Amino acid sequence: MRKNVSLATGLCALFLAGIAHAALPPRAQWHATASSDAVPALAPANAIDGDETTRWGGSFSADNWLQVDMGKAAAVGGVRIHWDSGFAQSYSIQTSLDGKAWKQAYATTDSKGGTDYIFFPQVEARYLRLASAPRTADWGVSVFEFEPVSVEDSPRIQGLAGKEPAGIWAPSAARAIEGKAADASAKTSRSLVIQFPRAFPTAGVEATWAGPRGDARLEQLDASGHWIAVSDDPGPQGETSYLAASEAFSPKSLRLLVQGVDGKAPAISRLSLLGPARLMTPMKRYEVVASRANAQLFPSSLHQMQVYWTVVGIPAGPQKSIFDEYGNIEAARGMPLVQPVWRDASGHAVSAAQATLKQTLRDQWMPMPAVEWTVQPGLSLRSEAFTRDVDGQPVTEVRHRLLNTGSTPIDGSLSLIVRPMQMNPPWQNGGVSAIHDLAIGEGTVNVNGKLLMQASTAPTQAGVSAFGAHGEGEITAAVAAGKLPDGNVVHDDSGLASGALSYTVHLAPGEHRDVVAAFPLLGRSVVSPADGFDARADAVAADWHHRLGNVGIRLPDESLVDVLRSQAAYMLINQTGHAMQAGPRNYDRSFIRDGAATSSILLRMGQARVARDYLTWYASHAVHENGLVSPILNQDGSVNRGFGSDIEYDSQGEFITLVADVARLDGGAGSVRELKPKVEAALKFLQVLRERTMVPGYLANQPAPGRFQGIIAPSISHEGYSSPTHSYWDDYWALKGWHDGLWLAERWGDTALAEYARKQYQALRESVAASIRSTMAWKGSDSMPSDADLGGNDPTSVSIGLDPAGQQDIMPPEALKNTFDRYLVDVRARRAPGSLYAYTPYEIRNVLTYVRLDRPDVANELLEDFVHDRRPLGWNVFAEVVHSRLRHPGYLGDMPHTWIGSEYARAIFGMLMREADDGLYLLPGVGASWVAGEGLSVDKLPTEYGSLTMTARQQGAALTVTLGDGIRKGSHLRVFWPARSKPAKVVVDGKSVTDYTADSVRLEKPFKVLKAEW
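Please read these numbers as outputs of a predicted model, since none were measured by experiment.

A. Looking closely at the overall build of the protein chain. In terms of regular secondary structure, the protein chain is built from 15 helices and 48 strands. Here the protein chain has a C-alpha radius of gyration of 32 Å; the compact-globule value for 1014 residues is 31 Å, and the two agree. Scored against the burial criterion, the 1014 residues of the protein chain give a buried share of 59%. When contacts within the protein chain are restricted to residue pairs at least 6 apart in sequence, long-range pairs at least 24 apart make up 70% of them. A total of about 37,600 Å² of accessible surface is found on the protein chain, and carbon and sulfur atoms cover 51% of it. Placing the 96 positive and 109 negative side-chain charges of the protein chain at their respective mean positions leaves the two points 3 Å apart.

Have a look at this one:
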């Protein structure tokens, strides 16, 4: 067994030309099985059908495997794996003759995804299995193609010393490259030739060296028999040589030339044939340079390490900045990164990536982030940012403050490096931010002819440089040496120019030095003197306090309220104009799903005008004459016509719910009456969607076809389904739409519309209830299905049905209990030492499910878990995806992700109160810790039943709940006991109450003071 090898090419003497082997059985005889075979669209057969667009998908769990039975035994020399985005970083290839006894042919721990070419010593096999290592694929795996490769098709190699037929080269099996010198002038140069009996589209090779080596070069044989260059890696630096072309090709032969050192032939420990997508892009060129000299000074994402950031901006601004955990800034979408680097008097240079960092927000919640670290003993660097509005232009300011905390003087220099890269790394759809033209003046930096940055004071040194053929001009080396290039203007065809501003620093004990830079996000020059930074920051803070500082919630754990305020601030910043967006970088469109959820929170947090404006904007552009509500609008209000734009059917219910939320919390139904025609049209379209599944014979060829009858037509609204599916997600949102449409119609006084909505609501409820039962029976399941097609398991989707849709009573109670008992086991398993996982914090919505299930203890447990997974913790940021491995370079969506933020806020509000059809519920999810000490208070929180002002405090065996004015007369109330145990005594406004349970007490009208004693 050879381990720790990825994409390895076992191109060895074993595969000598002239050896005859039987070809593999024809593909038509192959049969695939897998650990997961529940979804027809992701069936195992898709991985062996020769179609690079179809895929097999494993379940969202660990230890997935895919197996191919070729029909009979054959001589196998490798496999080709074309991964989907869900690839296993660690996996093995196993072979068998009988499907029972297995041998491992290959194992790796560092796959990069894309296409893996795996070649190993010949093995006779009928069965091949791809097995992801336990808990290393995070979310399961997904494969477009898994193709065995016959021995006769495997590449042959010439030029390795030794006779051992080692097919997989591990670091412990280094092999010298032998053969004649490539030319007479380079006596120690050696060559290795790889021949390809069949075409393997590739970008080139990656060589890992076992000892010193000189220049390396990769060539391919052209049609006329001449060797032509593919890529080269001059010089001795680097343990690996990434020899890739800029475009994929299918070589007949490759030749690797490498020069020895001190008369010794070079040795190689590993050779990888690169997949066709692993090209020598500008980003890869930059990563190669970052892996060599001064590697510690480059941003960590260049070393394939995850980075986290937060957003800095003004509400609804046209551009917003992102500021990362290391104090680096990306001023606007796609702009270059600016990074601070310190060089001490001895010439030692450091960046924040090597330090222990502390991230904070102003007043623990404002979107004014700071990061602080110790750059050397006695010297701290604090980098902080905010954005202000200057005549309609967002301007982000960053201050780097060096403070001598020691007792001796400190000398050195602070450099601000302008790098041609985005903060979003390639696995986040980011990468290079091309700098073709760079000019640095007296503290100004212009990129591609546009003003990027203005420094408050002129730097001591400034310089710019083109990248060069192999990164020899990249500016980090000059910064490390303390000597910047003399020029201040440069052009670089490759787009990899870089530059730096450097400030000489001398600090006496207790003294500080500030470097302030302003980034005008629309490119108009501004004045931002360093000595006015604090005053400008104070003005920005005052504006944020005015907007969100008076949110009237106090909890014993103040951080929960700080996180709440931060989410609202991030919602306002992520917005562009009226378009609410879930993130600052990977989102440039507005989804009604995100926007309705965000608006419902802003309505409760003093930002009703923002929510109302969004509703008006969305309604005027997205609601079509037939009642279809487009699920996505572009920032300019045009309908997004991308995939799914006309087959996502949750949008009608979400739109109607948003109309009702605005009415409930800001002005009443009369204030949204002008939207009545659009609401009515959306309701009628919901009827159309339901009637599509009621036609005679609908899906009669399917087993138990009654499970599809009378529910909403299939769509892809829920992200778990890439092809149209009868997802109950759509049904729950449709029911919520009918419910809220009925509520609106009654208050508009439209009795005909109300009666229509009532009948349709009840009819759909009956159909969904019947479908759920039918799906469970068809599948033989004892848990809640998330769709009718497959009976899939997705607790987070089911949660929507409970809250906000309020359809718990149509769900089989035992199935509901089983679903969330099992989910809880999975969540708790994440806490096991060394466990690996990935999840999306959309799961925060499950908190309120446990409240609905009368398990506030679990709700509080989950909330604590989710809050712990903020990244970074001090910035109150929720990413769209959380990986257990903090630095794992996996997709994390966007951050701060404010649909996630809205789910968090909804959980906080929902634990404090619930607006039920039969009244206002108080403290439904509040645990003992929330009423301990000084207890909790709520001040003027908008609800459907009026403004809620409340305190709740537990002292010993007594709980006291007080209500202020604001709840409308005649409102029914229900007060829950945090401990869920029956009190010995309950007194309401001085009068004893006896009609109560171990859960709660119901009251016919608002009260002043309630006291319960145990």
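That covers the picture; the talk isn't over yet.
B. Looking closely at unusual backbone geometry. Geometrically, the link from aspartate 803 to proline 804 is a cis peptide bond, its omega value of 20 degrees lying close to zero. Take proline 804: it is sitting in the loop between helix H11 (795–802) and helix H12 (813–829). Each neighbour pair has its own omega, and for arginine 871 with proline 872 the value is -10 degrees, a cis peptide bond. Following the sequence through the fold, proline 872 ends up in the loop between helix H14 (856–868) and strand S38 (882–883). Notably, aspartate 262 is not glycine yet its phi reads approximately 55 degrees, a positive angle. With respect to the helices, strands and loops of the structure, aspartate 262 is situated in the loop between strand S15 (253–259) and strand S16 (267–274).

C. Inspection of the environment of asparagine 328 at higher detail. With respect to the helices and strands, the residue asparagine 328 is situated in the loop between strand S18 (321–324) and strand S19 (329–330). Using a relative accessible area of 3% as the deciding quantity, one classes asparagine 328 as buried. Spatially, the C-alpha atom of asparagine 328 lies 6.8 Å from that of proline 340, the residues being 12 residues apart in sequence. Beyond its immediate sequence surroundings of up to four residues, asparagine 328 is in contact with Ile322, Phe323, Leu337, Val338, Gln339, Pro340 and Met423.

D. Geometry of the nonpolar core. Ranked by size, the top nonpolar core spans 230 residues in total, and within it Leu744, Leu936 and Leu1010 carry the most contacts. Ranked by residue count, the leading element in this core is helix H9 (residues 728–748), at 12 residues. Those residues in contact with leucine 936 that sit more than four places away from it in its chain are Arg554, Leu555, Leu912, Leu923, Val926, Trp930, Val931, Met950, Thr951 and Ala952. Residues Leu66, Ala105, Ile118 and Phe146 belong to the second largest nonpolar core, which totals 29 residues.

E. Seen up close, the sheet that holds strand S14 (residues 240–249). The strand order across the open sheet built from 4 strands is S9-S16-S11-S14, with neighbouring strands paired in antiparallel fashion. In this open sheet, the two strands that pair with only one neighbour each are strand S9 (175–176) and S14. Sheet topology places strand S11 (residues 202–209) next to S16; 6 bridges connect them, and they run antiparallel. Across the sheet, residue tryptophan 209 finds its bridge partner in S16, namely isoleucine 268.

F. Summary view of the packing of aromatic side chains. With the rule as written, the count across this model stands at 27 aromatic pairs. Look at tryptophan 738 and tyrosine 756: their rings are 5.5 Å apart centre to centre, the planes differ by 75 degrees, and that puts the pair in the edge-to-face class. With a gap of 18 residues between them, tryptophan 738 in helix H9 and tyrosine 756 in helix H10 (residues 751–779) connect regions that are remote in the sequence. The two residues tryptophan 738 and tyrosine 756 agree in class, both being buried. Grouped by ring-pair contacts, the aromatic residues Tyr117, Phe119, Phe196 and Phe200 constitute a single cluster. Above the plane of the ring of tyrosine 242 lies lysine 284, whose end atom (NZ or CZ) is 4.2 Å from the centre. Above the face of the phenylalanine 909 ring, arginine 604 is positioned so that its terminal group lies 6.0 Å from the ring centre.

G. Focus on the pairing of strand S32 (residues 498–507). For S32, a buried count of 8 out of 10 residues is recorded, marking the element as mostly surrounded by other parts of the structure. When strand S26 (residues 410–419) meets S32, the two strands line up antiparallel, connected through 9 bridges. When the bridges of S32 are listed, serine 415 appears paired with serine 502. Bridge count between strand S30 (residues 461–465) and S32: 5 bridges; the pairing is antiparallel. Note on S32: the bridge partner recorded for glutamine 461 is serine 502.

H. Spotlight on helix H3 (residues 533–548). With 16 residues, H3 should reach 22 Å at 1.5 Å per residue; the first-to-last C-alpha distance of 22 Å fits that figure. What H3 keeps buried is the set Phe533, Arg536, Ala537, Val540, Ala541, Trp544 and Leu548. Taken end-on, H3 shows its buried residues confined to a sector of 140 degrees, consistent with a single buried face. Exposed residues lying more than 90 degrees from the buried face of H3 are Ala535 and His546.

I. Summary view of the sheet that holds strand S44 (residues 973–976). A sheet is described by the order of its strands in space; here 4 strands give the open sequence S39-S40-S44-S47, paired in mixed fashion. Edge positions in the sheet fall to strand S39 (913–916) and strand S47 (1000–1003), since each of these pairs with one other strand and no more. Looking at each pair of strands side by side, their axes are set apart by 15 degrees on average, direction ignored. Sheet topology places strand S40 (residues 919–922) next to S44; 3 bridges connect them, and they run parallel. Following the sheet pairing, leucine 920 is matched in S44 by leucine 973.

J. Representation of the pairing of strand S12 (residues 216–221) in the model. The pairing of S12 with strand S13 (residues 227–233) spans 6 bridges and is antiparallel. Directly across from glutamate 219, in S13, lies its bridge partner alanine 229. Hairpin connection between S12 and S13: a loop of 5 residues separates the two successive antiparallel strands, and glycine 225 in this loop has a positive phi of roughly 90 degrees. Strand direction decides the pairing type here: S12 and S15, joined by 5 bridges, are antiparallel.

K. Spotlight on the pattern of salt bridges. One pass over the structure, following the stated rule, counts 61 salt bridges. The closest approach of N and O atoms between aspartate 534 and arginine 399, which form a salt bridge, is 3.1 Å. Of this pair, aspartate 534 sits in helix H3 while arginine 399 sits in strand S25 (residues 393–404), and the two are 135 residues apart along the sequence. When the shortest N-O distance is used, the salt bridge between arginine 871 and aspartate 869 registers 4.0 Å.

L. Geometry of the packing of helix H5 (residues 592–604) against helix H15 (residues 898–912). Contact geometry for H5 and H15: axes closest at 9 Å, N-to-C directions at 45 degrees. One finds that H5 runs oblique with respect to H15. Helix-helix and strand crossings are classified by hand; for H5 and H15 the assignment is left-handed. Contact residues: H5 offers Arg593, Asp594, Ala597, Thr598, Ile601 and Arg604, while H15 offers Thr898, Trp899, Ser902, Ala905, Arg906 and Phe909. Residues belonging to the contact of H5 with H15 are distributed by class as follows: 5 nonpolar, 3 polar and 4 charged.

M. Quick peek at the environment of arginine 609. Structurally, arginine 609 is set in helix H6 (residues 608–622). Counting along the chain gives 293 residues from arginine 609 to serine 902, while the straight-line C-alpha distance between them is 17 Å.

N. Focus on empty space enclosed by the protein. All told, the structure shown has 4 cavities of 30 Å³ or more when counted by the stated rule. Within this model, the largest cavity holds a volume of roughly 50 Å³. Lining the largest cavity, in full, are Pro299, Ser300, Ser301, Val307, Asp324, Tyr326, Asn328, Leu337, Met421 and Met423. Residue composition of the lining of the largest cavity, by class: 6 nonpolar, 3 polar and 1 charged. Here the second largest cavity is characterised by a volume of approximately 40 Å³. Considering only residue class, the lining of the second largest cavity consists of 6 nonpolar, 4 polar and no charged.

Rules and cut-offs
- Residues numbered from 1 in each chain as written.
- Predicted model: local features only at pLDDT ≥ 70, side-chain atom pairs only at ≥ 80, totals over all residues.
- Heavy atoms only, no water.
- Helix = DSSP H or I, 4+ residues; strand = E, 2+ residues; numbered from the N terminus.
- Rg over C-alpha atoms; globule rule 2.2 N^0.38 Å.
- Buried < 20%, exposed > 50% of the residue type's maximum accessible area, 1.4 Å probe, protein only.
- Contact = heavy atoms within 4.5 Å.
- Areas by Shrake-Rupley, 256 points an atom, 1.4 Å probe, with all protein chains shown as cover.
- Lys, Arg positive; Asp, Glu negative; His and termini not counted.
- Charge placed at Lys NZ, Arg CZ, Asp CG, Glu CD.
- Core = buried A, V, L, I, M, F, W, Y, C linked by side-chain atoms within 4.5 Å.
- Pairing = 2+ DSSP bridges.
- Phe/Tyr/Trp six-rings, centres within 6.5 Å; stacked < 30°, edge-to-face > 60°.
- Lys NZ or Arg CZ within 6 Å of the ring centre and 35° of its normal.
- Expected span 1.5 Å × (residues − 1).
- Arc of directions from axis to C-beta.
- Axes fitted to C-alpha atoms, helices over the stretch in contact; angles between N-to-C directions.
- Salt bridge = Lys/Arg side-chain N within 4 Å of Asp/Glu carboxyl O.
- Parallel < 35°, antiparallel > 145°, perpendicular 65-115°, else oblique.
- Left-handed = near helix turned anticlockwise from the far one by under 90°.
- Nonpolar A, V, L, I, M, F, W, Y, C, P; charged D, E, K, R; others polar.
- 1 Å grid on protein atoms, 1.4 Å probe; cavity = no way out; pocket = protein on both sides within 12 Å on 5 of 7 lines; lining within 4 Å.
- Points joined across faces, edges and corners; volume = space filled by probe spheres on them.

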